[in-house]
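Chain by chain, the residues run as shown.
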Amino acid sequence: MKARGPVTDKGPERLSEILSQLFTTRGWGRRQARLHLEQAWAEAVGLDHAKHTRVSGMRRTVLEVEVDNAVLLQELAHYHKRRLLQELRGKLAGTTLTDLRFRAGTWEK
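Residues numbered from 1 in each chain as written. Predicted model: local features only at pLDDT ≥ 70, side-chain atom pairs only at ≥ 80, totals over all residues. Heavy atoms only, no water.

Asker: Hey, could you run me through the overall build of the protein in this one?
Answerer: Along its length, the protein carries 4 helices and 3 strands. Each helix and strand of the protein, placed in order from N terminus to C terminus, yields the pattern α-α-α-β-β-α-β. Buried residues in the protein amount to 26% of all 109 residues. (Helix = DSSP H or I, 4+ residues; strand = E, 2+ residues; numbered from the N terminus. Buried < 20%, exposed > 50% of the residue type's maximum accessible area, 1.4 Å probe, protein only.)

Asker: For this particular structure, what's the right way to read the sheet that holds strand β3 (residues 99-104)?
Answerer: Pairing between the strands of a sheet comes from backbone hydrogen bonds, and it takes one of two forms, parallel or antiparallel. The sheet built from 3 strands is open, its strands ordered β1-β2-β3 with mixed pairing. Each edge of the open sheet carries a strand with a single partner, namely β1 (53-59) and β3. For this sheet, the mean inter-axis angle between neighbouring strands, taken without regard to orientation, is 25 degrees. Taken together, the 6 bridges between β1 and strand β2 (residues 62-67) define a ladder with antiparallel strand orientation. Counted as the bridge partner of R54 is E66 from β2. (Pairing = 2+ DSSP bridges. Axes fitted to C-alpha atoms, helices over the stretch in contact; angles between N-to-C directions.)

This is the structure in structure tokens:
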């Protein structure tokens, strides 16, 4: 009887390896990291301001946030940035965060 494909002596794969491959191929790890980032931002900035902001992404070590209100953008950038950075660093242990960048943005709510 002929074998159907290459024969390996590895034996069965570990479940942790299979799940790791599945998470990688489906992009679930990135989605989970993004949700964690958004949740940390919402907790740090507070519910009132979270309604008017949106995490647009993380570039290298800089968190980029869109703000739908020019006055709030200035307030966050000039008066709350240091506090927000400190809080986010505490909530995002293991993530290097060196700066916050705010920019004007609009989106449907």
